[in-house]
Amino acid sequence: MANTSPSFMDCLSRFSESYKIFVRPRRKVYSLSDLGAREFVITSGRVVRHDFTVQNVQGKTLFSSLFIPRMSKPCTTVIVFLHQNGGARVDCLPLLEHVLPQNFALLTFDFSGSGQSEGDWVTLGYNERDDVTAVLTHMGKVYANLENIVLWGRSMGAATALMVASKASVRIKAVIADSPFASLSQVSLAHMQGCMAAPLPSFILKLILELVRNQIIKNVGIDLFELSPKDDAKNINIPVLIGCLLYTSDAADDLLCVDLGGRRIIKKK
């Protein structure tokens, strides 16, 4: 009887295709109506949502939304929500009931390659940090009264927030980083180990990791394994809250939801 089990090279080839998990996850599909009404009332006042687009440095269009409370006291603080890998701006919705009553505005947008924004690839913070800069630049011109900025990122968004804050302008006052990854190489190793029925020798894991890395460079043109948010965090001079929340939902980023030590803390049902 012929041996039908996959060869070692077949396994390596299969893992080399897994680069798409990182840079081309399933794009989240939603409609503008999923963001709710453009105007609505909360206990402390009225809220207006402004939808707009911004061009990033790569020329890609980013779709964005800004929720602004209209209260007796002018709003001067904005929470900028940065979604996870495979996420979109609609993932901010659970935050609205906590943010808006404090007279804080909330800005949310789709990173390039995610949601409704243009772009073929997700780069786990490499290009996303430029997306943040583009959106903040636009907001500074159109909504100059929102002078106090807090970045609130989840997983990939949290890592991006740390990268941005390490080189940020004085307008960014604080960062909330929900489950950032320490480095892409750590995340990749943890993911591969989690996929194995039995532990593999470290040299095999490193070989597979190099295959994934080369495939990303070949297809995306960027070495994402140079990303190290934990090193960027050392250069931040503003308050930073780093949390590792245990949650399970369709919005949860199963692959990249790890803390700064690289430990996997969530597994989707």
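Bear in mind the structure is a predicted one, so any value in this text is a computation, not a measurement.

*Asks:* So what's going on with the side chain of Thr 160? Residues and values would help.
*Replies:* In this structure, Thr 160 sits in helix α5 (residues 156-165). Residue Thr 160 is classed as buried on the basis of its relative accessible area of 0%. Beyond its immediate chain neighbours, meaning those up to four positions away, Thr 160 contacts Phe 111, Gly 125, Glu 128, Arg 129 and Val 132.

*Asks:* Got a sec to walk through the nonpolar core? Specific residues and values, please.
*Replies:* Judged by nonpolar contacts, the single largest core of 54 residues is most densely connected at Leu 66, Val 78, Val 80, Leu 124, Leu 151 and Ile 216. Sort the elements by how many residues they give to this core and α5 lands first, with eight residues. Other than its neighbours up to four places away in sequence, Leu 151 contacts Val 80, Val 132, Ala 161, Val 164, Ile 172, Ala 174, Val 175 and Ile 176. Grouped together as the second largest cluster of nonpolar side chains are 13 residues, Ile 42, Phe 67, Cys 92 and Val 150 included.

*Asks:* Please provide a residue-by-residue account of helix α7 (residues 202-220), values included.
*Replies:* Every α-helix winds through 3.6 residues per turn, so residues three or four apart in the chain are directed the same way. Along its 19 residues, α7 runs 26 Å from first to last C-alpha, staying within 8% of the 27 Å computed at 1.5 Å per residue. Among all positions in α7, only Ile 204, Leu 205, Ile 208, Leu 209, Val 212, Gln 215, Ile 216 and Val 220 are buried. The arc enclosing the buried residues of α7, seen along the axis, measures out at 135°, which places them on a common side. Looking at α7, the residues exposed on the side facing more than 90 degrees away from the buried face are Phe 203, Lys 206 and Lys 218. Gly 221, located one to two residues past α7, shows a positive phi value of around 80°.

*Asks:* How would you sum up the sheet that holds strand β3 (residues 61-70)? Please name residues and give values.
*Replies:* With mixed pairing, eight strands are arranged side by side in an open sheet as β1-β2-β3-β5-β4-β6-β7-β8. The open sheet terminates on both sides in strands that have one partner only, identified here as β1 (39-42) and β8 (240-243). If you compare each strand with its neighbour and ignore which way they point, the axes differ by 20° on average.

*Asks:* Quick one: what's the story with unusual backbone geometry, residue by residue and with numbers?
*Replies:* A positive phi is found at Asn 103, a non-glycine position, where the angle reads about 65°. Here Asn 103 lies in the loop between α3 (93-99) and β5 (104-109). Positioned with a positive phi, Ser 155 is a non-glycine residue whose angle comes to about 55°. By the element assignment, Ser 155 lies in the loop between β6 (148-154) and α5. When its relative accessible area of 0% is taken as the criterion, Ser 155 is described as buried.

*Asks:* Break down the pattern of salt bridges for me, citing the residues and quoting the values.
*Replies:* If charged atoms from side chains of opposite charge come close, those side chains can pair. Considering all chains together, one arrives at nine salt bridges under this definition. The salt bridge partner of Asp 178 is Arg 154, with a shortest N-O separation of 3.9 Å. In this pair, Asp 178 sits in strand β7 (residues 172-178) while Arg 154 sits in strand β6, placing the two residues 24 residues apart along the sequence. The pair formed by Asp 178 and Arg 154 is uniform in burial state, with each residue classed as buried.

*Asks:* Please set out the environment of Asn 127 residue by residue, giving values where relevant.
*Replies:* On the secondary structure map, Asn 127 appears in the loop between β5 and α4 (128-142). When its relative accessible area of 16% is taken as the criterion, Asn 127 is described as buried. Between the alpha carbons of Asn 127 and Phe 111 there is a distance of 8.8 Å; along the sequence they are 16 residues apart. Those residues in contact with Asn 127, other than ones at most four positions away along the chain, are Gln 58 and Ile 222.

*Asks:* Lay out the packing of aromatic side chains in plain terms, naming residues and giving numbers.
*Replies:* Under the counting rule described, the total for this entry stands at three aromatic pairs. For the ring pair Phe 109 and Phe 111, a centre distance of 5.1 Å and an interplane angle of 80° mean the geometry is edge-to-face. With respect to burial, Phe 109 and Phe 111 carry one shared label: buried. The ring of Tyr 126 is capped by Arg 129, whose NZ or CZ atom sits 4.9 Å from the centre of that ring.

*Asks:* Could you give an account of α5, with specific residues and numbers?
*Replies:* Of all ten residues in α5, ten are buried; the element is thus mostly enclosed. Within α5, the full set of buried residues consists of Met 156, Gly 157, Ala 158, Ala 159, Thr 160, Ala 161, Leu 162, Met 163, Val 164 and Ala 165. Close packing links the buried residues of α5 with β4 (77-82), α4, β6, β7, α8 (229-233) and β8.

*Asks:* I'd love a proper account of the packing of α4 against α5, names of residues and values included.
*Replies:* Where α4 contacts α5, the axes come no closer than 9 Å and their chain directions differ by 70°. Between α4 and α5, the interaxial angle falls into the category roughly perpendicular. Considering the relative orientation of α4 and α5, their crossing is right-handed. Counted together, Glu 128, Arg 129 and Val 132 of α4 and Met 156, Thr 160, Met 163 and Val 164 of α5 form the full contact between these two elements. Of the residues assigned to the contact of α4 with α5, the class counts are four nonpolar, one polar and two charged.

The rules behind these values
- Residues numbered from 1 in each chain as written.
- Predicted model: local features only at pLDDT ≥ 70, side-chain atom pairs only at ≥ 80, totals over all residues.
- Heavy atoms only, no water.
- Helix = DSSP H or I, 4+ residues; strand = E, 2+ residues; numbered from the N terminus.
- Buried < 20%, exposed > 50% of the residue type's maximum accessible area, 1.4 Å probe, protein only.
- Contact = heavy atoms within 4.5 Å.
- Core = buried A, V, L, I, M, F, W, Y, C linked by side-chain atoms within 4.5 Å.
- Expected span 1.5 Å × (residues − 1).
- Arc of directions from axis to C-beta.
- Pairing = 2+ DSSP bridges.
- Axes fitted to C-alpha atoms, helices over the stretch in contact; angles between N-to-C directions.
- Salt bridge = Lys/Arg side-chain N within 4 Å of Asp/Glu carboxyl O.
- Phe/Tyr/Trp six-rings, centres within 6.5 Å; stacked < 30°, edge-to-face > 60°.
- Lys NZ or Arg CZ within 6 Å of the ring centre and 35° of its normal.
- Parallel < 35°, antiparallel > 145°, perpendicular 65-115°, else oblique.
- Left-handed = near helix turned anticlockwise from the far one by under 90°.
- Nonpolar A, V, L, I, M, F, W, Y, C, P; charged D, E, K, R; others polar.

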